[in-house]
Amino acid sequence: MIINEKCIYCNSTENLTESDIITYALTGAKLKKRFVCKKHNSYTNDKFESDCVKNWDFFRNQLGFTTREGNIVKYKGNIVIDDIVIKDVNLSDKKTFYTSQILSTTHNGHKVILGNSNLLRDKLKIEPTEIDSNKISMQYKFSLKELIISAKMKRTIAKIAYEWYCYTHDINGYQNQYDGIVSYILEGCEQESIVECVVDAYAFMVANQLCEIGTNSIYDYIDKFGNCYVVFNFWNIVIYKIKIHQNNTPVIKKENFITMERYNVDGTKDHVTFGVYSLNGGFDVISESCDEALNRLYNLYIKNLELLSTHTVLTIYTLKCMIDDLFDDITGLEKGKLTLSDLLEYEESKRIFIIQLALLFNESFSYNYDESFNSNLKNLLSSDEYFVVNKDELSEYAKKIVKLYEDGLLIQNLIKGIDYFYNCYEHEMKRINI
């Protein structure tokens, strides 16, 4: 029997398009299905998704996500040098200060210009005063309320939950029982609470045990009253509970086994099962209004975001971007256009680490093509905490890099290591079907 595909928002059979169920810009793992019409696909993106994603650009940058064109994600922030502040600059990383960008501001009645020394000499014909790079910092300000519980964020979360539920349960077209959540997604109105924030200690314990920072995880369940919910753990930062509908047979049993789908930051997808036990015979995840939860869990959310912003999350995507930049700078060093200081990005910690990693790829490391990239990376770094790198542990390695350069071994070893990485990257992209 042939079933005509219908839009899950309006039952239209025309102009059906693929929807990014978990918005591609917010996950390393792609999840798509052709079950949303062009009108509603464009509407949800233009009305709230794109703005929601933009709010998370700084943290997307930290996770190493790229634009659809493969470019590094930039964000608006300030550059601070002592008491001089240059506002609203397009930033990506510390390399911003060493490229073709020339920035200016007014300080104490005087014009201040910041840029690459050679560029300022050649373009503006001025003799600049060199600044210690350690005095330069990037400043990014955000509103926790805007990030986590804004109307656009909540509607984006509702869209993810509804589309994932339809995808998982092979729902074809719109059905009246989903009127509440669909009305909220499309119109922003709700007669009852659709999206709440989880405050359940057990739910957070499970998430922390089974998920890494940057991972999206999701599962659904039916409570003892017949309410169907989706629980969505966003980047292991905040957990949402979304009401899908209330038309199910109540589930009343002491032992429940829940299957959690994981969409990992390295692009892989998998699932895990965890068990729960309830004395009252029904499973539920405790939640409350997003405003109340923000007040209750404010410090937890800040702690999670600080972890994300002060550590480098290692994924196939972050490393590919960093390796590409390193290779370009090696070429510049070989041609005499860059110095060793440029290559080291003035001992910026991410650059020191990626040089270290490239050199490790050049040594005795043997890539296991039967395992995921993250599993191989764990073996390469000989660490159980393979997905984060502490920025404070790399200064000593810079001295070793300088010694290799003085011995004439740095460039050739880096190029060999980078070639090996690219081979591994191509294999990983095929493995995860990208």
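These numbers come from a predicted model, not from an experiment.

(A) Up close: the overall build of the protein. A count of helical and extended segments in the protein gives 14 helices and 16 strands. In terms of overall dimensions, the protein is globule-like: its C-alpha atoms have a radius of gyration of 24 Å, near the 22 Å expected for 434 residues. C-alpha atoms of the protein, sized along the principal axes, occupy 75 × 55 × 45 Å. Within the protein, the fraction of its 434 residues that count as buried is 51%. When contacts within the protein are restricted to residue pairs at least 6 apart in sequence, long-range pairs at least 24 apart make up 65% of them. Summed over all atoms, the accessible surface of the protein reaches about 21,600 Å², with 45% contributed by carbon and sulfur.

(B) Summary view of the confidence of the model for the protein. Averaged over every residue, the pLDDT of the protein is 86; the share at 70 or more is 91%. Summarising per-element confidence for the protein, the mean pLDDT is lowest in strand β16 (residues 388–390) (51) and highest in strand β8 (residues 195–198) (98).

(C) Geometry of the sheet that holds strand β4 (residues 84–91). Within the open sheet, the three strands sit side by side as β4-β3-β7. Their pairing is antiparallel. Two strands in the sheet have a free side with no partner beyond their single neighbour: β4 and β7 (136–139). Sheet twist, expressed as the mean angle between neighbouring strand axes with direction ignored, is 30°. Two elements, strand β3 (residues 75–81) and β7, share four bridges in a ladder whose sense is antiparallel.

(D) Structural view of helix α9 (residues 316–334). With 19 residues, α9 should cover 27 Å at 1.5 Å per step; its first-to-last C-alpha distance of 27 Å lies within 8% of that length. Taken from the residues just after α9, Gly336 is the one with a positive phi, measuring 80°.

(E) Geometry of the pairing of strand β9 (residues 216–222). Counting buried positions along β9 yields five of seven residues, so the element is predominantly enclosed. With three bridges connecting them, β9 and strand β12 (residues 255–263) associate as antiparallel partners. Looking at the pairing, Ser217 lines up with Arg262 of β12. Hairpin connection between β9 and strand β10 (residues 227–234): a loop of four residues separates the two successive antiparallel strands, and Gly226 in this loop has a positive phi of roughly 90°.

Quick notes on the rules
- Residues numbered from 1 in each chain as written.
- Predicted model: local features only at pLDDT ≥ 70, side-chain atom pairs only at ≥ 80, totals over all residues.
- Heavy atoms only, no water.
- Helix = DSSP H or I, 4+ residues; strand = E, 2+ residues; numbered from the N terminus.
- Rg over C-alpha atoms; globule rule 2.2 N^0.38 Å.
- Buried < 20%, exposed > 50% of the residue type's maximum accessible area, 1.4 Å probe, protein only.
- Contact = heavy atoms within 4.5 Å.
- Areas by Shrake-Rupley, 256 points an atom, 1.4 Å probe, with all protein chains shown as cover.
- pLDDT = per-residue confidence, 0-100.
- Pairing = 2+ DSSP bridges.
- Axes fitted to C-alpha atoms, helices over the stretch in contact; angles between N-to-C directions.
- Expected span 1.5 Å × (residues − 1).

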